[in-house]
Amino acid sequence: MRLKLEEADKRGEVSLEETIERRKSRRSFQRTRLTKKQLSQLIWSAEKAPSAGATYPLELYVVLGEECVDDIDAGVYHRSAREYSELEMHKESDLREALAIACLSQMFIADAPVSFVIAAEYERTTGRYGDRGIRYVHIEVGHVSQNIYLQCEALGLATVAVGAFYDDEVARVLSLPKEHKPIYVMPVGVGGRYYRGLFKRNL
Ligand SMILES: Cc1cc2nc3c(=O)[nH]c(=O)nc-3n(C[C@H](O)[C@H](O)[C@H](O)COP(=O)(O)O)c2cc1C
C-alpha cells in the first residue's frame, strides 16, 4: 500500500533562531493524533539534510500507532527511495510497544503517536569512501535528527533522539532488510506533562 504525502510548507510561524533557542529533548507525549500534514512536513525536513558525496545512505522508517495520524492505518511505513513524496507500507500493526521495549524499555516511545527510525545502508557510502564512510554515515544521521528536532519545535511538537536500543531487536521488530542498520529512533507527538520510562534526570 502506498500513501501520498502532502506538500510541505516552506514558511513557518516561528523563526529559525526561536526554534534553535527552544529546542530540547521532550519525553512525554499526549495521545493526540498528528495530522497528515504534520507527518509530511516532518518527513520533508528529514530529507533536507546533506549527504556525503550525495551517496544517500539513510532509510527512513515511520512507526505509526492505531488512530495516531489522520486516516492512516497503524503500521511501519518506509519512505520509498523511488518516490520521495510517498510512504510505502512495510509492515502492518501497531508496533510501538515492541519498539519501546527494544529501546531498553524507554516506554515513552510507546506513547508517541509516531516514531521515526533512521537506518543506514553503510555500503552506499563506504563503497565510495572506504572505512571513513562509516563516520560520514553517522554524521549524516545527526543532520537528519537535528532537522527533525527543529521542525518539531517549529510545529509545537515534542521529540527526543534515542540512541540507546538493541540494534538486533529494533531490526527484528520492524523486519528491516539486513542491510538497513538502525541508528536513531525519534518518537514524535504533542508534548505532555508527564513522563514515564528511563532517563528521568532529563525531564
Ligand atoms: C547520540 C545521542 C543519543 C541519545 N540517546 C538518548 C536515549 O536513548 N534516550 C533519551 O531519553 N535521550 C537520548 N538522547 C538525548 C539526550 O539525553 C539529550 O540530548 C541531552 O540530555 C541534552 O538535552 P537537550 O536535548 O534537551 O538539550 C540522546 C542524544 C544523543 C545526541
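For the structure, check the block above.
Residues numbered from 1 in each chain as written. Predicted model: local features only at pLDDT ≥ 70, side-chain atom pairs only at ≥ 80, totals over all residues. Heavy atoms only, no water.

1. Some words on the nonpolar core
Formed by 55 residues in total, the largest nonpolar core has its most connected members in Leu 39, Val 62, Phe 116 and Ile 148. Contacts of Phe 116, omitting those with residues within four sequence positions, involve Leu 39, Leu 42, Ile 43, Leu 60, Tyr 61, Val 62, Ile 148, Tyr 184, Val 185, Met 186 and Val 188. (Core = buried A, V, L, I, M, F, W, Y, C linked by side-chain atoms within 4.5 Å. Buried < 20%, exposed > 50% of the residue type's maximum accessible area, 1.4 Å probe, protein only. Contact = heavy atoms within 4.5 Å.)

2. Examining the site of the ligand
The immediate surroundings of the ligand are formed by 14 residues, with Arg 23, Ser 25, Arg 27, Gln 106 and Ala 161 found nearest. In this structure, Gly 163 approaches the ligand through a main-chain N or O atom, which is 3.0 Å from a nitrogen atom. The fraction of the free accessible surface of the ligand (620 Å²) that becomes covered by protein chains is 60%. Class assignment of the residues belonging to the shell around the ligand gives a composition of seven nonpolar, four polar and three charged. (Near = heavy atom within 4 Å. Polar contact = N/O pair within 3.5 Å; in protein donor to acceptor, adjacent residues only side chain to side chain. Areas by Shrake-Rupley, 256 points an atom, 1.4 Å probe, with all protein chains shown as cover. Nonpolar A, V, L, I, M, F, W, Y, C, P; charged D, E, K, R; others polar.)

3. Some details on the packing of aromatic side chains
Under the definition given, this model contains one aromatic pair. Seen in terms of ring centroids, Tyr 129 and Tyr 136 are 5.1 Å apart; in terms of plane orientation they differ by 80 degrees. Their pairing is edge-to-face. Under the relative-accessibility criterion, Tyr 129 is labelled partly exposed at 30%. Geometry around Tyr 149 places Arg 23 over its ring, the cationic atom sitting 4.6 Å from the centre. (Phe/Tyr/Trp six-rings, centres within 6.5 Å; stacked < 30°, edge-to-face > 60°. Lys NZ or Arg CZ within 6 Å of the ring centre and 35° of its normal.)

4. Considering the sheet that holds strand β1 (residues 2-4)
The seven strands are arranged β1-β4-β3-β2-β5-β7-β6 in an open sheet whose pairing can be described as antiparallel. The sheet terminates laterally at β1 and β6 (158-159), the two strands that pair on one side only. Here helix α6 (residues 132-155) sits on the sheet and contacts β2 (58-64), β5 (114-120), β6 and β7 (181-189); the angle it forms with β7, its principal contact strand, is near 5 degrees. Strands β2, β3 (75-79), β4 (86-92), β5 and β7 of the sheet are contacted by helix α7 (residues 167-174), whose axis makes an angle of about 95 degrees with β4. (Pairing = 2+ DSSP bridges. Helix = DSSP H or I, 4+ residues; strand = E, 2+ residues; numbered from the N terminus. Axes fitted to C-alpha atoms, helices over the stretch in contact; angles between N-to-C directions.)

5. Points about the pairing of β4
On a regular strand, each side chain points to the face opposite its neighbour's, so the side chains alternate between the two faces of the sheet. By the bridge criterion, three bridges tie β1 to β4 in an arrangement that is antiparallel. From the neighbouring strand, Leu 3 faces β4, where its bridge partner is Leu 87. Pairing of β3 with β4, which is carried by five bridges, proceeds in the antiparallel orientation. Opposite Arg 79, over in β4, you have Leu 87 as the bridge partner. Counted between consecutive antiparallel strands, the loop separating β3 from β4 contains six residues.

6. Observations regarding the pairing of β3
Most of β3 sits inside the fold, with five of its five residues counted as buried. Side chains of β3 alternate between two faces, with Gly 75, Tyr 77 and Arg 79 and Val 76 and His 78 buried alike. Taken together, the four bridges between β2 and β3 define a ladder with antiparallel strand orientation. What sits directly across from Val 62, in β3, is Tyr 77.

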